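For reference, the chains in residue letters:
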Amino acid sequence: MQPKLSLLDDALISRILDEAYQLMLKPGIKVQNAEARQLLAEAGADVNEETQVVRVPEQIVRKALETVPREFQLYDYEGKPKVRYGGDAVHFDPGSSGISVLIPETLEHKTAETADLIRVIKVAESLPQYDAQSTAVVCHDVPKDIHDLYRLYLVMLYSKKPIVTGAFTNQTVHAMIDMLAIFAGGRDKLREKPRAIFDACPSPPLIWSNFGAGQLIELARAGIPAEIVSMPLAGAAAPVTLLGAVTQHAAECLSGIAIHQLARAGSPIVWGGAPAIFEMRKGGTPYGAIETAMIDSSYAQVGKSLGLPTHTYLGATDAKILDMQAGIESGMGFLVGALSGVNMISGAGMIDSLLCQSPEKLVIDAESISMAKRLLEGMKIQSETLATEFFEGVNFKGGDFLKQKITMQLFQKEQHLPTKIIDRDSIRGWKQGGSPDTFTRAREQVTEILASFSRPALDPVHLADVHVLVLDLAKKAGMEELPRLDELAPA
Amino acid sequence: MSDELEKLFKEMAQSIIDGDSDISVELAKKSIEMGVPPLDAITKGFVVGVNYIGDQFGAGEAFLPELVMAGEAMKAAVATLEPELIKLGEAREIMGRVVLATVEGDIHEIGKTLVGTMLSASGFEVVDLGVDQPADKIIGKALEINADLIGMSALLTTTMVRQREVIEELDKEGLRPRIKVMVGGAPITRDWATKIKADGTSEDAVGAVQLAKQLVGKE
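This one's a predicted model, so the numbers in the text were calculated from it and none came from an experiment. (Residues numbered from 1 in each chain as written. Chains lettered and ligands numbered in written order. Predicted model: local features only at pLDDT ≥ 70, side-chain atom pairs only at ≥ 80, totals over all residues.)

## Concerning the overall build of chain A
- In terms of regular secondary structure, chain A is built from 16 helices and 20 strands.
- The principal-axis extents of the C-alpha atoms in chain A amount to approximately 80 × 60 × 45 Å.
- When burial is assessed residue by residue, chain A has 48% of its 491 residues classed as buried.
- The long-range fraction of contacts in chain A, counting pairs at least 24 apart against all pairs at least 6 apart in sequence, stands at 74%. (Helix = DSSP H or I, 4+ residues; strand = E, 2+ residues; numbered from the N terminus. Buried ≥ 20, exposed ≤ 12 C-beta atoms within 10 Å, placed from the backbone. Contact = placed C-beta atoms within 7 Å.)

What follows is the structure, encoded as structure tokens:
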């Protein structure tokens, strides 16, 4: 029995959906993409071309919900299914959208560059807790025009895992799909076994920008999975109440799904988001707040009630270093996300809201994730009798159970064995080891991972083709050469 | 060494590593049939396995259940070989005689029992008195079996002071340094051991075996 957290009852879910449908009519959805407006108009929506506001009637959405796949998979480089979007499957990937990385020696939040993203990718690749890679940070040593596809390029070079990514323009999304198609052996094969999912973001409140709606349309037509990342900020860009934010989230997602399915019915799309409460003292978006997690858990429940695959942003922290606050917020976030049965939980590695990535945090978060995954496994019945058979030959002596074969056979099925990130040593053993705190232990583990990492073996012809494609785009963006990647064999 | 013998010793070590008492006993019987000197079976076969698993445990590669089961498999093998040893008039060299107990007022014994298992597996003769043992019982048993070592366990800060009482009693009777004392338990630190004039302490059962060997001059 997978343990579950439910913050909403059925009646409340109905109210949320009912009001979301009302919002789609009044005030309506602002759709800044002409093609999307046209699709909606053709389907019978009332479109005001002047204000770009579309009144989206419920039946358009209902019809779209009928054609959305309830489940699909992401595949790894080898074409093996690794991530199941659907049901209560729970997966984790590193948070993306970072602009900086935490430098462990100085605690500086340094603007991210190529080498930093490669470190993040290598660490995420080595930790089994991460079911997928993300395109975790923007590399500022390459021109802006290729920021999005360059991130994907690096992930493709250093990873075999599925990828959660996103384009920054309606043009580059095609280049990125082409890159993935080279590895997959063509766009058709990529559609059959998609390795990546692309984010598509509405702008709160109730706006589908030219870019956001464009992504929905391009991805739907390409048949590449799309992940809606709706971001109501409760109290600023959304109602202050958590339920108000959840309702706005539903309206943004439902209207997005309508546009997406009108572009191509049956294309896969995910009910996702990165909402937050709004911080009323500093004006920020606290991704480590429990209320943020409550909005996430609730909207996931709404999405599940519609039978949709789900995604959320949890496990990030607002702390600036890897301290107790980071541990509290990240651990709670993972737990809430896991118990809510969210299919993909993004956010690991992130500090300073969602601005800064840290490989050291990725290894610490991996332990949080293991704990959350253990909790999800729940109480297991491992033996015929629960206890009585264990007492055969036990003579009222503590320690006797250590002698039982079944103890040796079962203890690793019952107990998750943490890495040395989690300290369970005696005070003496801990002192002998140099009294390391969590951060120190994480730094050691990152050093070990990076030292032993070897780049996955990839088809050299595919590699060369992708390199040519990316180099061409880099040259158009004003670069003469791509940054030299030392580990790369000449293409 | 013949190939056959070498194979047997390897299997013996492996049976201990696997913590499989059935196989260790079977191999012990087989060695008797083959006419292998029982002492060789112990020192060149089974003990190799105990040492291996002890090292693995120390390195964090093996777990407590494996350690305990290895100890049990070792005990079972030695018990099988014992009648043969006696018949041949060759006693296994005893590393030392040890009395183990949890001190008066304290009923915790998992750690102490582990130490006992590992000490037996390593060739010590161990009398484990159990829990809640007053000083006179512990000392009386030590004198009775002519013990080289007393090992005392305490889990509580309120009972650890009893360790000192036993040591003071031993001193009063003039039994030290003939009888060495090791102390252990969760609250026991090296400072505490020094303070109460114990001869040593160890963090875990594997360390306790090393310490015991040192104290009896066998290492």
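After that view, the rundown keeps rolling.
## Some remarks on the domain arrangement of chain B
Residues and elements named next belong to chain B.
- Segmenting chain B into domains produces domain 1 (3-87) and domain 2 (96-215).
- Between the C-alpha centres of domain 1 and domain 2 the distance comes to 27 Å.
- The interface is formed by 11 residues belonging to domain 1 together with nine residues belonging to domain 2.
- Of all elements in the fold, only α3 (38-58) and α4 (64-87) reach the threshold of two or more residues within the side of domain 1 that touches domain 2.
- With seven residues, the single largest contributor to the side of domain 1 that touches domain 2 is α4. (Domains from an automatic or database assignment.)

## Comments concerning the pairing of strand β3 (residues 149-153) of chain B
Residue and element names in this part refer to chain B.
- For β3, a buried count of five out of five residues is recorded, marking the element as mostly surrounded by other parts of the structure.
- Side chains Leu149, Gly151 and Ser153 of β3 all project onto a buried face; the interleaved residues Ile150 and Met152 project onto the opposite face, where all are buried too.
- Across five bridges, strand β1 (residues 96-102) lies against β3 in parallel orientation. When the sheet's bridge partners are listed, Leu100 is paired in β3 with Gly151. (Pairing = 2+ DSSP bridges.)

## Thoughts on the packing of helix α12 (residues 359-377) of chain A against helix α15 (residues 438-452) of chain A
All names here are of chain A.
- Interhelical geometry of α12 versus α15 gives an angle of 105 degrees and a closest axis separation of 8 Å. Judged by the inter-axis angle, α12 sits roughly perpendicular to α15. Of the residues in α15, those touching α12 at Pro359, Glu360, Val363 and Ile364 are Thr438, Phe439, Ala442, Arg443, Gln445 and Val446. (Axes fitted to C-alpha atoms, helices over the stretch in contact; angles between N-to-C directions. Parallel < 35°, antiparallel > 145°, perpendicular 65-115°, else oblique.)

## A short note on the sheet that holds strand β3 (residues 53-55) of chain A
All names here are of chain A.
- One open sheet holds the four strands; their spatial order is β2-β3-β1-β12, and the pairing between them is mixed. Only two strands of the sheet have a single partner each, and these edge strands are β2 (46-48) and β12 (207-208).
- Where β2 meets β3, three bridges bridge the pair, whose relative direction is antiparallel. When the bridges of β3 are listed, Asp46 appears paired with Arg55.

## Let's talk about the interface of chain B and chain A
- With 13 residues of chain B in contact, the opposing surface of chain A contributes 10 residues.
- Elements with a minimum of two residues in the side of chain B that touches chain A: α4 and α5 (110-121) of chain B.
- Per-element accounting of the side of chain B that touches chain A gives the leading share, six residues, to α4(B).

## Description of the nonpolar core
- Among the nonpolar cores identified, the biggest contains 141 residues, and A:Leu40, A:Ala258 and A:Ile259 are the most heavily contacted of them.
- Ranked by residues supplied to this core, first place goes to helix α9 (residues 242-263) of chain A with 12 residues.
- Ignoring any residue separated from it by four or fewer positions in sequence, one finds A:Leu40 in contact with A:Val31, A:Ala45, A:Val47, A:Val54, A:Val56, A:Ala258, A:Ile259 and A:Leu262.
- In terms of nonpolar packing, the next biggest core, distinct from the first, is built from 64 residues, B:Ala28, B:Val36, B:Phe46 and B:Ile179 among them. (Core = buried A, V, L, I, M, F, W, Y, C linked by C-beta atoms within 7 Å.)

## With respect to the environment of A:Arg441
All names here are of chain A.
- Relative to the elements of secondary structure, Arg441 occurs in helix α15.
- For Arg441 and Glu481, which are 40 residues apart along the polypeptide, the C-alpha to C-alpha distance reads 38 Å.
- Each residue touching Arg441, except ones within four places of it in the same chain, is listed here: Lys420, Ile421 and Pro436.

## Observations concerning α12(A)
- Taking 1.5 Å of rise per residue, 19 residues should cover 27 Å, and α12(A) covers 27 Å from first to last C-alpha, within 8% of that figure.
- Positive phi shows up at A:Gly378, right after α12(A), with a value of about 70 degrees. (Expected span 1.5 Å × (residues − 1).)

## Brief notes about the packing of α4(B) against α5(B)
Residues and elements named next belong to chain B.
- Interhelical geometry of α4 versus α5 gives an angle of 45 degrees and a closest axis separation of 9 Å. The angle between α4 and α5 falls in the class oblique. Here the hand of the crossing between α4 and α5 comes out left-handed. Residue-level contacts link Val68, Ala70, Gly71, Glu72, Met74 and Lys75 of α4 to Leu114, Thr117, Met118, Ser120 and Ala121 of α5. (Left-handed = near helix turned anticlockwise from the far one by under 90°.)

## Quick word on the domain arrangement of chain A
Residues and elements named next belong to chain A.
- Each assigned domain of chain A is listed with its residue range as follows: domain 1 (65-377) and domain 2 (388-441).
- If you look at the interface, domain 1 gives eight residues, while domain 2 gives seven residues.
- A class-by-class count of the residues in the side of domain 1 that touches domain 2 yields four nonpolar, one polar and three charged. (Nonpolar A, V, L, I, M, F, W, Y, C, P; charged D, E, K, R; others polar.)

## So, the confidence of the model for chain B
- Taken over all residues, the pLDDT of chain B has a mean of 91, while the share at 70 or more is 100%.
- Interface confidence for the predicted complex, expressed as ipTM, amounts to 0.76; the pTM equals 0.89. (pLDDT = per-residue confidence, 0-100.)

## Brief notes about the sheet that holds β1(B)
All names here are of chain B.
- Taken in spatial order, the five strands line up as β2-β1-β3-β4-β5 in an open sheet, and their pairing is parallel. Of all the strands in the sheet, the pair left with one neighbour each is β2 (124-128) and β5 (200-201).
- Together, β1, β2, β3 and β4 (180-184) form the strand contacts of α5, whose direction differs from that of β2 by roughly 150 degrees.

## So, helix α10 (residues 290-305) of chain A
Residues and elements named next belong to chain A.
- Here α10 spans 23 Å end to end across 16 residues, near enough to the 22 Å set by a 1.5 Å rise per residue.
- Summarising burial for α10: 13 of the 16 residues are buried, a large majority.
- Within two residues after α10, Gly307 carries a phi angle of roughly 80 degrees, on the positive side.

## A few points about the environment of B:Gly185
Residues and elements named next belong to chain B.
- Relative to the helices and strands, Gly185 is located in the loop between β4 and α8 (190-195).
- Taking the C-alpha atoms as reference points, Gly185 and Leu215, 30 residues apart in sequence, are found 19 Å from one another.
- Apart from the residues lying within four places of it in its own chain, the contact partners of Gly185 are Gly111, Ser153, Ala154, Leu155 and Met160.

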